[in-house]
Amino acid sequence: MPRNVRDVVFVDGVRTPFGKAGGVYAQTRADDLVIRCIRELLARNPQLPPERVEEVAVAATTQIGDQGLTLGRTASLLAGLPKTTPGYSIDRMCAGAMTAVTTVAGSIAMGAIDVAIAGGVEHMGRHPMGEGVDPNPRFLAEKVVDQSALVMGATAENLHDRLPEVTKERADRFGLRSQEKTAAAYAAGKLQPDLVPIAVRDENGAWGLSTVDEAPRQTSLEKLATLKTPFRPHGRVTAGNAAGLNDGATACLLASGEAAEELGLPVAMKLVSYGFVGVEPEVMGYGPIPSTEKALKVAGLTIDDIGLFELNEAFAVQVLAFLDHFGIKDDDPRVNPWGGSIAVGHPLASSGVRLMTQLARQFAEHPEVRYGITAMCIGIGMGGTVIWENPHFTGESA
């Protein structure tokens, strides 16, 4: 029987402060990080009866140990949701949480469920990317991919090769701006409202509280120019123009438009369209370009319709490639206004919801903006983009 596709809305999103791998969360379980996020969502939205949450999708790239065992279901139970609430796990590497959102959004749009929680977690200190995997030897033996395709930093160097106009100095300058914008956002209180404090222990058993991201740092172009290039001698990718190895979790609340109205849930964003694509694995960072073109085509929009961009900063070269392709200046104020992953960190599968949560906050501050984008590159050669509409849009410039 034909049915109408329903509106899907982003209600609320939270995240833990992001830690350095092996840093503040060294003695904290990965599943406890995402459980804390789910509990916070429920506490922040008391008008939502827990039994109305009909699905929990949680992403992790390395699904082993405390990131395994069908994490969506186990986290749901441990977060206090009813035993009748199902859940599942997702892996699309860096776009895990993004894919959790789009997957449950499809269920909501089709009418299978009304309310869901989606998110992601990555404890890279405990589970380094690639732990326990066994890549099929045919990848290299049959030359399906170049060996560099399996090392994300090497793919960023390859993208620099393809785009000589994206120089190391330009990438360093972008990385510095990310740090500066994040520092300004913290000073203005922009990031703190959605950070979930996490009780932590050090190696001696002493308790503390994680309330801010661990990775941001003060630096300069002069300092960035001296950093090593670990993926290639005399290369261009450094710790200063790429995201680090991080631990952290995110979660968000999604609902149908009808359910949000019925339950009195706030509407922070409305889902417009999304797109995932594959690209050459050797230049993974190119992925967000065709995925954005796909999402724009589905939505019937052009890049000129987009007023805010939240682009994941896995590597500066990846974002700069995107900006060049679409004719956007490096310092365009619409792009990552509160900084990005180069500063705050990129706990792989969790980052997609961080982008969405920040975009939702920015929508509330910019009623003159109608559409915004969240986009990211994805390991093994993919890109993902989600386009959102601002419910606060007035049609008037600020």
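Small disclaimer: the values here were computed from a predicted structure and weren't measured.

**Q** Quick question: what am I supposed to make of the overall build of the chain here?
**A** Per the secondary structure count, the chain includes 12 helices and 12 strands. For the chain, the spread of C-alpha atoms along the principal axes amounts to about 60 × 55 × 50 Å. Sequence separation of at least 24 residues holds for 79% of the intrachain contacts in the chain that already meet a minimum separation of 6. In the structure as shown, the chain presents an accessible area of about 16300 Å², 54% of it carried by carbon and sulfur atoms. Computing the positive centroid from 36 side-chain charges and the negative centroid from 47, the chain places the two 2 Å apart.

**Q** In this structure, what is going on with the nonpolar core? I would like to understand it.
**A** Formed by 40 residues in total, the largest nonpolar core has its most connected members in F10, V101, L254, M269, M356 and W388. The leading source of residues in this core is helix α3 (residues 96–110), at 8 residues. Beyond its immediate chain neighbours, meaning those up to four positions away, V101 contacts A118, C252, L254, V353, M356 and W388. Grouped together as the second largest cluster of nonpolar side chains are 37 residues, A156, L163, A314 and V335 included.

**Q** Mind showing me how you'd approach unusual backbone geometry here?
**A** Note: most residues except glycine have negative phi, and most peptide bonds are trans. For M93, which is not glycine, the phi torsion reads 45 degrees and is therefore positive. M93 gets classed as buried once you look at its relative accessible area, which sits at 16%. Unusually for a residue other than glycine, N336 sits at a positive phi of about 45 degrees. Relative to the assigned elements, N336 resides in the loop between α10 (316–325) and α11 (341–344). Here N336 falls in the buried class, since its relative accessible area comes to 0%.

**Q** Hey, could you run me through the side chain of N45 in this one?
**A** Inspection of the secondary structure puts N45 in the loop between α1 (30–44) and β3 (56–59). Take N45: its relative accessible area is 3%, and that puts it in the buried class.

**Q** Honestly, the environment of T16 in this entry has me stumped. Any pointers?
**A** Looking at the element boundaries, T16 is found in the loop between β1 (8–15) and β2 (19–20). For T16 and K190, which are 174 residues apart along the polypeptide, the C-alpha to C-alpha distance reads 15 Å.

**Q** How should I be thinking about the packing of aromatic side chains in this particular structure?
**A** Two aromatic rings are characterised by how far apart their centres lie and by the angle between their planes. Following the criterion strictly, the structure yields 4 aromatic pairs and no others. A centroid spacing of 5.8 Å and a plane angle of 80 degrees characterise the contact between F10 and W388, whose relative ring orientation is edge-to-face. Here the residue F10 occupies a position in strand β1, and W388 occupies one in strand β12 (residues 382–389), the gap between them amounting to 378 residues. Summarising the burial analysis for this pair, F10 and W388 share the class buried. With centroids separated by 4.8 Å and ring planes inclined at 50 degrees, the aromatic side chains of F322 and F326 adopt a geometry described as tilted. Comparing F322 with F326, the two get one shared label, buried. Grouping aromatic residues by their ring pairs yields a cluster made of F309, F322 and F326. Above the plane of the ring of F18 lies R15, whose end atom (NZ or CZ) is 4.5 Å from the centre.

**Q** Explain α10 here, please?
**A** Working note: α-helix, 3.6 residues per turn, so residues spaced by three or four point in the same direction. In terms of residue burial, α10 counts as a mostly covered element, since 8 of its 10 residues are buried. Those residues of α10 that sit buried are A316, V317, Q318, V319, L320, A321, F322 and L323. Of the surrounding secondary structure, the elements contacted by the buried residues of α10 are α5 (152–162), α6 (168–187), α9 (288–299), β10 (306–311), α11 and β11 (371–378). Of the residues one or two after α10, G327 is the one with positive phi, at around 70 degrees.

**Q** What should I look at first to understand α1 in this one?
**A** Taking 1.5 Å of rise per residue, the 15 residues of α1 would be expected to cover 21 Å, and the 22 Å separating its terminal C-alpha atoms lies within 8% of that figure. Along α1, the residues that are buried comprise A30, D31, L33, V34, I35, C37, I38, E40, L41 and L42. Residues of α1 that are buried make contact with β1, β3, α2 (71–78), β5 (115–123), β6 (198–201) and β8 (246–256).

**Q** Explanation requested: the pattern of salt bridges in the structure shown.
**A** Oppositely charged side chains may form a pair once their charged atoms are brought near each other. Taken as a whole, this structure holds 23 salt bridges when the rule is applied. Across the pair D66 and R126 runs a salt bridge, and its minimum N-O distance is 2.5 Å. A residue pair is termed long-range when its members are at least 10 positions apart, and D66 in the loop between β3 and α2 and R126 in the loop between β5 and α4 (138–141) qualify at 60 residues. A salt bridge links D161 to R232, with the shortest nitrogen-to-oxygen separation between them at 3.0 Å. With a gap of 71 residues between them, D161 in helix α5 and R232 in the loop between α7 (221–224) and β8 connect regions that are remote in the sequence. Given a relative accessible area of 42%, D161 falls into the partly exposed group.

**Q** I keep staring at the packing of α6 against α10 and nothing clicks. Help me out?
**A** Packed helices, taken two at a time, are described by the angle their axes make and the gap between the axes. For the pair α6 and α10, the least separation of the axes is 9 Å and the interaxial angle reads 100 degrees. In terms of orientation, α6 and α10 fall into the roughly perpendicular class. In this structure, α6 contributes R170, A171 and F174 to the contact, and α10 contributes A316, V319, L320 and D324. Residues of the contact of α6 with α10, tallied by class, amount to 5 nonpolar, no polar and 2 charged.

**Q** Please clarify how the UniProt feature "domain: Thiolase N-terminal" (unreviewed entry) in the chain should be interpreted in this entry.
**A** Per the UniProt record, "domain: Thiolase N-terminal" (unreviewed entry) is annotated on residues 8–256. Strand forms 18% of residues 8–256 and helix 31%; the C-alpha atoms that close the span are 5 Å apart.

The rules behind the values
Within every chain, residues take consecutive numbers counted from 1 along the sequence as written. Residue-level local features of this predicted model are given only where pLDDT is at least 70; pairs of side-chain atoms are given and counted only at 80 or more, and the full residue set underlies all totals for whole chains, interfaces and linings. Values shown for side chains rest on all heavy atoms present in the structure; no hydrogens or waters enter the calculation. Each helix corresponds to a stretch of at least 4 residues labelled H or I by DSSP, and each strand to a stretch of at least 2 residues labelled E; elements are numbered beginning at the N terminus. Whether two residues are in contact is decided by their heavy atoms: any pair within 4.5 Å suffices. All accessibility values rest on the Shrake-Rupley procedure with a 1.4 Å probe; residue burial counts only the protein chains present in the view. Lys and Arg are tallied as positive, Asp and Glu as negative. Neither His nor the chain termini are counted. We put the charge of a Lys on NZ, of an Arg on CZ, of an Asp on CG and of a Glu on CD. What makes a nonpolar core is a set of buried Ala, Val, Leu, Ile, Met, Phe, Trp, Tyr and Cys residues whose side-chain atoms join them at distances within 4.5 Å. Burial here depends on accessible area, computed with a 1.4 Å probe over protein chains only, as a share of the maximum for the residue type. Under 20% is buried, over 50% is exposed, and the range in between is partly exposed. Stacked, tilted and edge-to-face pairs are distinguished by plane angle, under 30 degrees for stacked and over 60 for edge-to-face with tilted covering the rest, among Phe, Tyr and Trp rings (Trp via its six-membered ring) whose centres lie within 6.5 Å. For a Lys NZ or an Arg CZ to count as sitting over a ring, it must be within 6 Å of the ring centre and within 35 degrees of the ring normal. Take the number of residues in a helix, subtract one, and multiply by 1.5 Å to get its expected span. Between Lys or Arg on one side and Asp or Glu on the other, a salt bridge is scored when a side-chain nitrogen of the former is within 4 Å of a carboxyl oxygen of the latter. What counts as an axis is a line fitted to C-alpha atoms, over the stretch in contact for a helix, and the angles between N-to-C directions run from 0 to 180 degrees. The cut-offs work like this: below 35 degrees is roughly parallel, past 145 is roughly antiparallel, 65 to 115 is roughly perpendicular, and the gaps in between are oblique. Under this grouping Gly is polar, as are all residues other than the nonpolar Ala, Val, Leu, Ile, Met, Phe, Trp, Tyr, Cys and Pro and the charged Asp, Glu, Lys and Arg. UniProt positions are given in the numbering used here, feature names are shortened, and annotations may be inferred rather than shown by experiment.

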